Amino acid sequence: MTSPWLQSIRPKTLPLAIANTIVGSSLAYAYGAFSWTIVILAALTTLLLQILSNLANDYGDFVNGKDTEERVGPKRMVQSGEITPKAMLIALITTSILAGITGIALIYLGTKGLAINSILIFVILGIAAVAAAIKYTVGKTPFGYRGLGDIFVFIFFGLVGVTGTYFLHTQTISFDILLPAAAIGFLSTGVLNLNNLRDYEQDKKAGKNTLVVKMGEQNAIYYHLLLLAAAIDAVIIYTLLNYQSPWQWLFLIATPLLFINAKAVYYHKGVTELYPLLKKLSLATLFFAICFSIGIIL
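In every chain, residue numbers begin from 1 and rise along the written sequence. In keeping with the model being predicted, local features are shown solely for residues with a pLDDT of at least 70 and side-chain atom pairs are shown and tallied solely at 80 or more, while totals for entire chains, interfaces and linings include all residues. Side-chain numbers here rest on the full set of heavy atoms in the structure, without hydrogens or water.

A. Local environment of the environment of Trp36. As for its placement among the helices and strands, Trp36 is situated in helix H3 (residues 36-63). Residues Trp36 and His169, spaced 133 residues apart in sequence, show a C-alpha to C-alpha distance of 9.3 Å. By the criteria applied, helices consist of DSSP H or I runs no shorter than four residues and strands consist of E runs no shorter than two, each listed in order from the N terminus.

Set out below in structure tokens:
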């Protein structure tokens, strides 16, 4: 039997955290700067933030009464009684501390020799990332219940995750890096959208106003297709702007997986069909990131 803690961590979503570290680090390598220490610390920090967000979601939905027995997705550990609210709260605090430790070490090593204002920007971003991961479903006015979760995911698991990692390697920034960063952000948001599509009916009844609840199920399907298409387009534009070798088109190998996912979402007949698609899109995002990264390194 799977451990309740392992279930609450939701391993199926963790490839998203690794994807932005891989893309940010490979871009830095392609531009002539790379550190394995930065890679490891960035990966640990983003993994801890993803785990923190998942634990907070489990705890927050229970405390706010949004989890019910009608839920279609994976069983929530606090709601089911397999993990007590107190134990989950301790886990949240512990994970926040660990994310803070790895984040501080990452910022310290990646901003050595820079002006204090650059260091402060990363400190503020780090605090904001931890706070946002918790505030997603915890507290009196969680932004996940106001349709703002997609923005959080796009910013922190896309733009900030990729460009931040790149900057900590290189101590420079290039605006065209925002294109592959946005691509990872779009795909990560697609995973969240699938989760919210699956939980649409239950969320609607519970008053959890995700973006899917706000826009409606059919519009959320079109939105999903748009997210996947935008991710592919962003990387195509980046490649055209920075073209040097045919290897840079290697990411196209991963695009059929995204088309298959889009088709499955568009033609799905029931919410139970959406559940396995979440894991598949998460892994497809990681594969997309790896193919893109190998292409720009070669």
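There is more to say, and it comes next.
B. Local environment of the confidence of the model for the protein chain. A residue's pLDDT is simply how confident the predictor is in it, with values from 0 to 100. The share of residues in the protein chain with pLDDT of 70 or more is 94%, and the mean pLDDT across the chain is 87. Here helix H4 (residues 77-80) is the element of the protein chain with the lowest mean pLDDT, 76, and helix H11 (residues 217-241) is the one with the highest, 96.

C. Representation of the side chain of Thr163. Inspection of the secondary structure assignment puts Thr163 in helix H7 (residues 149-170). Relative accessible area decides the class of each residue, using a 1.4 Å probe on protein chains only: under 20% of the type maximum gives buried, over 50% gives exposed, and in between gives partly exposed. For Thr163, a relative accessible area of 13% gives the class buried. A contact between two residues is defined here by any heavy atoms of the two lying within 4.5 Å. If we ignore the near neighbours within four places in the chain, the residues touching Thr163 are Gly158, Ile173, Ile177, Leu178 and Ala181.

D. Focus on helix H6 (residues 116-135). Helix span is expected to be 1.5 Å times the residue number reduced by one. A rise of 1.5 Å per residue sets the reference length of H6, with its 20 residues, at 28 Å; its end C-alpha atoms lie 28 Å apart and thus fit the reference within 8%. By the burial criterion, the buried members of H6 are Phe122, Ala129, Val130, Ala132 and Ala133. End-on view of H6: buried residues confined to an arc of 165°, all on one side of the axis. Looking at H6, the residues exposed on the side facing more than 90 degrees away from the buried face are Ile116, Ile124 and Ile127. Elements in contact with the buried residues of H6: H3, helix H5 (85-110) and H7. The directions from the helix axis to the C-beta atoms are what the arc is built from.

E. Quick peek at the packing of aromatic side chains. Stacked, tilted and edge-to-face pairs are distinguished by plane angle, under 30 degrees for stacked and over 60 for edge-to-face with tilted covering the rest, among Phe, Tyr and Trp rings (Trp via its six-membered ring) whose centres lie within 6.5 Å. According to the stated counting rule, one finds 13 aromatic pairs in the structure shown. Measuring from centroid to centroid gives 5.1 Å for Phe34 and Trp36, while their planes differ by 90°, and the two rings are edge-to-face. Exposure remark for Trp36: the relative accessible area of 61% places this residue in the exposed category. Between Tyr243 and Trp249 the ring centres are 6.2 Å apart and the planes differ by 40°, which places this aromatic pair in the tilted class. For Trp249, a relative accessible area of 27% gives the class partly exposed. In textbook terms, an aromatic cluster arises when at least three aromatic residues are bridged by ring pairs, as seen for Tyr243, Trp249, Phe251 and Phe288.

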